[in-house]
Amino acid sequence: MASKLSGILAAAKAEGRAALIGYLPAGFPSVDGGIRAVGALIEGGCDIVEIGLPHSDPVLDGPTIQTADDIALRGGVRIKDVLRTVQEVAAAHPAAAVLVMTYWNPVDRYGVARFAADLAAAGGAGCILPDLPVEESVEWRKAAEEHGLDTVFVVAPSSKDRRLAEVTAAGSGFVYAAAVMGVTGSRAQVGDLAEDLVARTRATTELPVCVGLGVSTREQAAQVAGFADGVIVGSAFVQRILDADGDEGAALAAVRELAGELAQGVRRS
Amino acid sequence: MSEKSENPSAGPERDHLPGTEVPDARGYFGAYGGRFIPEALVAAVEQVAEEYEKAKSDPAFAAELDALLKDYTGRPSPLTDVRRFSAEAGGARILLKREDLNHTGSHKINNVLGQALLTRRMGKTRIIAETGAGQHGVATATACALFGFDCTIYMGEVDTQRQALNVARMRMLGAEVVSVTSGSRTLKDAINEAFRDWVANVDSTHYLFGTVAGPHPFPMMVRDFHRVIGIEARQQVLDRTGRLPDAVVACVGGGSNAMGIFHEFIPDAGVRLIGCEAAGEGAETPRHAATLTKGDPGVLHGSRTYVLQDEDGQTIESHSISAGLDYPGVGPEHAWLKDTGRAEYRPVTDDAAMQALRLLSRTEGIIPAIESAHALAGALELGRELGPGATVLVSLSGRGDKDMHTAAEYFGLYDEPGAGSAHGGK
């Protein structure tokens, strides 16, 4: 069954380019402001968006996304607000795919089947759950499949080949390859680990392989697009909104501009 | 004592309760435990599990650890009868297992030495750890000095202030202490920051987790390294009193000293196991750390266990006067012992703990850690329930030197300019 996610990635491939995937947490800087910001990502050129469900203990996130999560949670963002964000973005941008990225406990607490049902009803395409390894994911995958949601698993440079095969066999949509060993956040260089990981991952699966962690500029996007099916950018968008310091017009213009630059990057490899 | 017992010094014959062989291969204690970790850490955690399994069956590993526990830590730790303190406990006889007399001043060194040996076996050269009260941080910094490892300790900013003495000790031992300013700035956030370090530096670095929580195999491995507490104490109580205690009491934050002393008694069905959680200003107030009493099952720091959380699965900040118990999660084996009914968990307030701290100081000349004082308060309450003739074994998990600033502020022990010296009056 070809999912919306697969369709978008296949279309980008047919155009001879990588897809652009942008991340922002819901509720940042406010629920409605966040909805407009994610919309600006898509208008600027993102093919796919990941909407973060902010968590109190974001152990895989660096200081930039921690700050955004903190602002969102102190602003009172709830899971229902995250689902409304998905619903409004998906309704306004039917060509884009909308994923949710979050830690496992909020989904577990909300109810696995209930979350899958509500996310699908909101128009979501799937989920990325970076602290839910394959072994613990059986219940989630069953619920996701029932509701037509993709489950994107993360692989890391430390993943051994045998492990890569297990992870990619369980996932759908695409595989999220972490470019570096570390938490989210912009880095000066993408590094050599990413290309090797993409090659090793491809050897185990037909799924598209998209690369994230540390990518923040047009040049890095172009470099990654040279060996991956998609380029994932998060902290750089968050930082643009933080830099706008409460001026929503400036924030929206800044993320739209960055998305535009990155969209050029993924077409330039 | 049981009639069936053939060897009186071994105590009564024990029930082999179903399910005492936990965890299972996936690290589950019933519904709790498991391994909820990012993919980047899977290889490292599997390496720890594999190396630990190999070490367990290596006589050289056991011999080296035993020698360190004896000659460096000073084991076995004594068992102390506290008669004047017991007089306040309804006549029940209270016996203290003196983990406060270990080198570095708490039980934490038992686990740290085991994992330090494991780190060397894995060929890693750097150790990171979280710490709340600083007891685990001090023990880790100590082992790193002994073994020649680089050492970084993550500690919440709130805790670096209330446990400043331990920060100085860690730095004296050559460790880098990182003050964590994210989130609630306590133990939970120190663990988050240590995980972030580990993901980035996993090739060179072992995360020397300090309690019976975290992803498998940590809850099992840390428990195993602390089992020596219960093994020694069970025999010491039998030798001293000729029978098993009626109850074993220990404080529970993450729950390492409690698992260490409980484990050997789990098959002794007649021995009540009682964990004392930090109730802060009261388990009915928003300011407490009574995870098993007030929490719900969820996933925190790599395992499924009880968690203080809201209805969206966001962790609720805990509160306790004791930095070492100020944690919104708990080890998964405790969650399992609670659900099976084999152990009971009671909340103990800041005030009850502080009163017990002062009482032990003034009746026995032993100043306990505030963490351990929660167990003492629980033992006083239990002793009054059980009455004369009962024996209660208490894990005195640490000494109170580190807590003198908190205690001095609590009881007004510092000279105030122009004031008299009515120190510590009731």
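Scroll up for the structure.
Everything numeric in this text was worked out from a predicted model, so none of it was measured.

### So, the state of the cysteines
Residues and elements named next belong to chain A.
- Tallied over the full model, the rule gives zero disulfides over all chains.
- Looking at Cys127, it has no disulfide partner, and the nearest cysteine sulfur is the one in Cys210, 16 Å off.
- Since its relative accessible area comes to 0%, Cys127 is described here as buried.
- No disulfide involves Cys210; its sulfur sits 12 Å from that of Cys46, the nearest cysteine.

### Digging into empty space enclosed by the protein
- Taken as a whole and judged by the stated rule, the model has five cavities of 30 Å³ or more.
- The computed volume of the largest cavity comes to approximately 420 Å³.
- The wall of the largest cavity is formed by 36 residues, among which Leu60, Met101, Tyr176, Thr184 and Leu213 of chain A lie closest to the centre.
- Contributions of two or more residues to the lining of the largest cavity are made by strand E2 (48–52), helix H3 (63–74), strand E6 (154–155), strand E7 (175–178), strand E9 (230–233) and helix H11 (235–243) of chain A together with helix H1 (39–56) of chain B.
- Of the residues belonging to the lining of the largest cavity, the class tally is 23 nonpolar, nine polar and four charged.
- Each pocket or cavity is described by its volume, and for the second largest cavity that value is around 330 Å³.

### Looking at the pairing of strand E3 (residues 97–101) of chain A
Residue and element names in this part refer to chain A.
- Taken across its five residues, E3 has five buried, putting it largely inside the fold.
- Residues Ala97, Leu99 and Met101 of E3 are buried on one face, and the alternating residues Val98 and Val100, pointing to the opposite face, are buried as well.
- Relative to strand E4 (residues 126–128), E3 runs parallel, the two sharing three bridges. By the bridge assignment, Met101 is partnered in E4 with Ile128.

### Some remarks on the environment of Leu262 of chain A
All names here are of chain A.
- Note on placement: Leu262 falls in helix H12 (residues 248–266).
- Sequence-wise, Leu262 and Ala222 are 40 residues apart; in three dimensions their C-alpha atoms are separated by 7.9 Å.
- Setting aside residues no more than four positions away along its own chain, Leu262 makes contact with Leu20, Ser216, Thr217, Arg218, Ala221, Val233 and Phe237.

### Focus on the pattern of salt bridges
- Per the counting criterion, the structure on display carries 54 salt bridges over all chains.
- Its salt-bridge partner being Arg223 of chain B, residue Asp224 of chain B comes within 3.0 Å of it at the nearest N-O pair. For the pair shown, Asp224 of chain B and Arg223 of chain B are each scored as buried.
- Note that Glu381 of chain B is salt-bridged to Arg346 of chain B, the shortest N-O span being 2.6 Å. You can see Glu381 of chain B sitting in helix H14 (residues 370–386) and its partner Arg346 of chain B sitting in strand E13 (residues 343–349), a full 35 residues away along the chain.
- Each of Glu135, Arg162, Arg163 and Glu166 of chain A together with Glu39 of chain B takes part in salt bridges that share partners, so that together they form one network.

Thresholds, definitions, all that
- Residues numbered from 1 in each chain as written.
- Chains lettered and ligands numbered in written order.
- Predicted model: local features only at pLDDT ≥ 70, side-chain atom pairs only at ≥ 80, totals over all residues.
- Heavy atoms only, no water.
- Disulfide = S-S within 2.5 Å.
- Buried < 20%, exposed > 50% of the residue type's maximum accessible area, 1.4 Å probe, protein only.
- 1 Å grid on protein atoms, 1.4 Å probe; cavity = no way out; pocket = protein on both sides within 12 Å on 5 of 7 lines; lining within 4 Å.
- Points joined across faces, edges and corners; volume = space filled by probe spheres on them.
- Helix = DSSP H or I, 4+ residues; strand = E, 2+ residues; numbered from the N terminus.
- Nonpolar A, V, L, I, M, F, W, Y, C, P; charged D, E, K, R; others polar.
- Pairing = 2+ DSSP bridges.
- Contact = heavy atoms within 4.5 Å.
- Salt bridge = Lys/Arg side-chain N within 4 Å of Asp/Glu carboxyl O.

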